[in-house]
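Geometric and topological summary
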Amino acid sequence: MPIKVTDKHVFFYHEWLSNFWNAPFEYKGRTFFCNEQAFMWEKAVLFGDKVMEEKILVASTPQEAKRLGRKVTPFDKEKWDSVRYQVMLDINYAKYSQVEDCKNRLLDPEFDGHAFVEASPRDRIWGIGLSVTNPNIDDPANWRGRNLLGKVITEVRDRLVQEKNSP
């Protein structure tokens, strides 16, 4: 699904903005092949599930890492919800500050003044619960999700722009 840029938003689903995109980076002394792997690993670390930590580290696909992350025990939703945004922010900053291709794409002047929006039709936490092809997508009043990933990427881009423009 291609990226759709409107006058206010950058809508994405998959592509290089996705947590599933293969873009190896270093995070907390380890190499991860994608954001999803690092995110699920952090979940296992938070809850002390050493077995899942190791399995996630050797996962070969983002889908496998996600599936393993759903098996982390013990799991406390309230505790995870209280840290997940910051964890995702840290992971995305690691990706975009290290992977030059992704960083250069993110810093494209075409995106100046735009908010990033994950147009995932099924995800109402990290996405908006609408597809890129939905004709009502450009009005946030129609969104059914929280767009946490879009907010994270917008925040990371703002930080990278600030760093680039600082002496």
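Residues numbered from 1 in each chain as written. Predicted model: local features only at pLDDT ≥ 70, side-chain atom pairs only at ≥ 80, totals over all residues. Heavy atoms only, no water.

As annotated in an unreviewed UniProt entry, the protein carries the name NADAR domain-containing protein and comes from Fibrobacter succinogenes.

1. A few points about the overall build of the protein
For clarity, the threshold we go by: For helices the rule is a DSSP run of H or I covering at least 4 residues; for strands it is a run of E covering at least 2, with both sets numbered from the N terminus onward. As a reference, a globule follows 2.2 Å times the number of residues to the power 0.38, and the radius of gyration itself is taken over C-alpha atoms. Each residue is placed in one exposure class: buried if its accessible area under a 1.4 Å probe, protein chains only, is under 20% of its type's maximum, exposed if it is over 50%, and partly exposed if it falls in between. It only takes one pair of heavy atoms within 4.5 Å for two residues to be counted as in contact. Accessible surface is estimated by sampling points in the Shrake-Rupley manner with a 1.4 Å probe; for residues, cover comes only from the protein chains shown. Residues counted as positive are Lys and Arg, residues counted as negative are Asp and Glu, and His and the chain ends are not counted. Positions of charges follow a simple convention, taking NZ of Lys, CZ of Arg, CG of Asp or CD of Glu.
Per the secondary structure count, the protein includes six helices and five strands. When the helices and strands of the protein are listed from N to C terminus, the series reads β-β-β-β-α-α-α-α-α-β-α. Relative to the 2.2 N^0.38 estimate, which gives 15 Å for 167 residues, the radius of gyration of the protein is 16 Å and therefore close to what a compact globule would have. By residue count, 49% of the 167 residues in the protein fall in the buried class. Long-range pairs, those at least 24 residues apart, make up 62% of the contacts in the protein with a sequence separation of at least 6. Counting only carbon and sulfur atoms, one obtains 50% of the accessible surface of the protein, whose full area is about 8700 Å². Treating the 25 positive side-chain charges of the protein as one cloud and the 25 negative ones as another, the clouds have centres 5 Å apart.

2. Some details on the nonpolar core
Soluble globular proteins tend to pack their nonpolar side chains together in the buried interior. Using the following cut-off: Here, nonpolar core means buried Ala, Val, Leu, Ile, Met, Phe, Trp, Tyr and Cys residues that are tied together by side-chain atoms lying within 4.5 Å of each other.
By size, the foremost hydrophobic cluster in this structure holds 41 residues, and its most contacted members are Y96 and L106. At eight residues, the largest contribution of residues to this core is made by helix α4 (residues 77-98). Those residues in contact with L106 that sit more than four places away from it in its chain are W16, L17, Y96, F111, F116, I153, V156, R157 and L160. Grouped together as the second largest cluster of nonpolar side chains are nine residues, Y13, A119, I128 and I137 included.

3. So, the side chain of N19
Stated formally: For this analysis, a polar contact is any N or O atom pair within 3.5 Å, provided that within protein one partner can donate a hydrogen and the other can accept it, and provided that sequence-adjacent residues contribute only side-chain to side-chain pairs.
Among the structural elements, N19 can be located in the loop between β2 (9-12) and β3 (25-27). Here N35 takes part through its side chain, which lies 3.2 Å from a polar atom of the side chain of N19. Not counting residues up to four positions away in its chain, the partners in contact with N19 are C34, N35, E36, M88, N92 and L149.

4. Structural notes on helix α2 (residues 50-57)
Rules: Working definition: the arc comes from the directions between the helix axis and the C-beta atoms, pointing outward to the latter.
Taken as a whole, α2 has its buried residues at M52, E53 and I56. Buried positions in α2, seen along its axis, are confined to an arc of 110° and lie on one side of it. Of the residues in α2, the exposed ones pointing more than 90 degrees away from the buried face are K50 and V51. Contacts from the buried residues of α2 go to α1 (35-46) and α3 (62-69).

5. Observations concerning the environment of K103
Tracing the backbone through its elements, the reader meets K103 in helix α5 (residues 100-106). According to the relative accessible area criterion, K103 is partly exposed, its value standing at 23%. For the pair K103 and L160, spaced 57 residues apart in sequence, the C-alpha separation works out to 8.4 Å. Leaving out residues up to four positions away in the same chain, K103 has contacts with Y96, S97 and L160.

6. A short note on the sheet that holds strand β1 (residues 4-5)
The condition is simple: For two strands to be treated as a pair, DSSP must find no fewer than two bridges joining them.
Strand order in the open sheet formed by three strands is β1-β2-β5, with mixed pairing between adjacent strands. Edge strands, defined here as strands with exactly one partner in the open sheet, are β1 and β5 (115-118). Sheet topology places β2 next to β5; four bridges connect them, and they run parallel. From the neighbouring strand, V10 faces β5, where its bridge partner is F116.

7. A word on unusual backbone geometry
The residue after T73, namely P74, is reached through a cis peptide bond having omega -10°. Among the secondary structure elements, P74 is positioned in the loop between α3 and α4. Non-glycine residue E15 carries a positive phi angle of around 55°. Its place among the elements puts E15 in the loop between β2 and β3. Take E15: its relative accessible area is 29%, and that puts it in the partly exposed class.

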